[in-house]
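# Observations on chain architecture
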Amino acid sequence: MVPIEYYLLLSAAVFCIGVFGILTRKNALLFLMSVELLLNAANINLVAFSRFHGNLTGQTFSLFTLALAAAEVAIGIGIILVLYRNFADVDVTKATTMRW
Amino acid sequence: MTNQDRGSLLPGLAAVALFGVLAVVFVRASFGDPAGGFAGSEGVTASIGYAMFNIAHPDAIPSEGFLVAFLLIAVVLDAALDGAVLLARRDEGGEITTALRSDAAETDTTEERVATDGGTVDADSDDTQEGHN
């Protein structure tokens, strides 16, 4: 059985890649993909600890996280579509008129 | 080194530092002994099904019930679908244009057409664009 620390390190690496993507990317689609990386890092943790404790709660919860990610992507792509219509670009830094 | 490289250097260092902190914490932490696999003779997939609908089965792998969460997620997904459709459609000369209808531009005879959700622009303006086929 693979030690739990390996899964946690993998999860931390995926999470940090997602954080890096959010901090550096300007393209809204890449932004959305980075958020998905964060969610999937959490999923790795849930599944790993589910296996570690011999309980299925984590795996079942990760399925709900996936469903929530799908909902988030549906709304996110809709927002990106409106962003493109209004600014002819998907660069999140160009949408300055939508600021408070 | 370009400006873009310099702009992503600090976030890159922050991400690597975050990974370092997390790695040190994970490696030094004690998680106890693993359970050594799942108890119960049912498969993982079947047991997830039982857990999702709060069905008590003697051979299922132990888990909590998720029926309320299942219903809440169903509502959230439905709302997300409605929100995505609401955001994706737009007005074309007073008519709602959806993804399944692409002939609105051919029947558009108005002087102005709606280019954004917030207002109209002239048809010959440079800002207008064709977002449909």
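Higher on the page you've got the structure.
Cut-offs applied
All residue numbers here refer to positions counted from 1 along the written sequence of the relevant chain. Whichever chain is written first is A, and whichever ligand is written first is 1; the rest continue in order. Per-residue local features of the predicted model are confined to residues with pLDDT of at least 70, and side-chain atom pairs are confined, for both listing and counting, to 80 or more; whole-chain, interface and lining totals are unaffected and use all residues. The nonpolar core criterion groups buried Ala, Val, Leu, Ile, Met, Phe, Trp, Tyr and Cys residues into a set whenever they are joined through C-beta atoms within 7 Å. Any residue whose C-beta has 12 or fewer other C-beta atoms within 10 Å is treated as exposed, any with 20 or more as buried, and any in between as partly exposed, C-beta atoms being built from the backbone. Secondary structure elements follow DSSP: runs of H or I no shorter than four residues count as helices, runs of E no shorter than two count as strands, and numbering proceeds from the N terminus. Two residues form a contact once the distance between their C-beta atoms, set from the backbone, is within 7 Å. Expected span of a helix, by definition, is 1.5 Å for each gap between consecutive residues, and there is one gap fewer than residues. Note on residue categories: nonpolar means Ala, Val, Leu, Ile, Met, Phe, Trp, Tyr, Cys or Pro, charged means Asp, Glu, Lys or Arg, and polar means any other residue, Gly included. The angle between two axes is taken between their N-to-C directions and runs from 0 to 180 degrees, where each axis is a line fitted to C-alpha atoms and a helix contributes only its stretch in contact. Roughly parallel covers angles under 35 degrees, roughly antiparallel covers those over 145, roughly perpendicular covers 65 to 115, and oblique covers all other angles. It is the rotation of the near helix from the far one that decides the hand of a crossing: anticlockwise by less than a right angle makes it left-handed, clockwise makes it right-handed.

### Remarks on the nonpolar core
- With 9 residues, the main nonpolar core is built from Leu8(A), Ala12(A), Val14(A), Phe15(A), Cys16(A), Phe20(A), Ala41(A), Ala48(A) and Ala15(B).
- Counting only elements with at least two residues in this core, the list comes to α1 (4–24) and α2 (28–53) of chain A.
- Per element, the largest residue contribution to this core is 6 residues, and it comes from α1(A).
- If we ignore the near neighbours within four places in the chain, the residues touching Leu8(A) are Asn45(A), Ala48(A) and Phe26(B).
- Counting residues in hydrophobic clusters, the runner-up holds 8 residues, among them Phe38(B), Ala51(B), Ala60(B) and Phe66(B).

### What to know about α1(A)
- With 21 residues, α1(A) should reach 30 Å at 1.5 Å per residue; the first-to-last C-alpha distance of 30 Å fits that figure.
- Of the positions making up α1(A), those classed as buried are Leu8(A), Ser11(A), Ala12(A), Val14(A), Phe15(A), Cys16(A), Gly18(A), Phe20(A) and Gly21(A).
- Where α1(A) is buried, its residues touch α2 of chain A together with α2 (9–28) of chain B.

### So, unusual backbone geometry
- Positive phi is not limited to glycine here, since Ala88(A) has a value of about 55°.
- Inspection of the secondary structure assignment puts Ala88(A) in the segment after α3 (57–87).
- Its identity as a non-glycine residue notwithstanding, Asn54(B) has a phi of 55°, on the positive side.
- Locating Asn54(B) in the fold gives a position in the loop between α3 (44–52) and α4 (67–88).

### Here we look at the interface of chain B and chain A
- Taken together, the contact between chain B and chain A spans 41 residues of the former and 35 residues of the latter.
- For the side of chain B that touches chain A, the secondary structure elements donating two or more residues are α2, α3 and α4 of chain B.
- Broken down by class, the residue content of the side of chain B that touches chain A amounts to 30 nonpolar, 9 polar and 2 charged.

### Description of the packing of α1(A) against α2(B)
- Here α1(A) crosses α2(B) at 160°, and the two axes come no closer than 9 Å. Compared by their axis directions, α1(A) and α2(B) come out roughly antiparallel. The crossing of α1(A) and α2(B) is right-handed. For the pair α1(A) and α2(B), the contacting residues are Glu5(A), Leu8(A), Leu9(A), Ala12(A), Ala13(A), Cys16(A), Val19(A), Phe20(A), Leu23(A) and Thr24(A) in the first and Pro11(B), Gly12(B), Ala14(B), Ala15(B), Leu18(B), Phe19(B), Leu22(B), Ala23(B), Phe26(B) and Val27(B) in the second.
- Here the residues of the contact of α1(A) with α2(B) are counted per class, giving 17 nonpolar, 2 polar and 1 charged.

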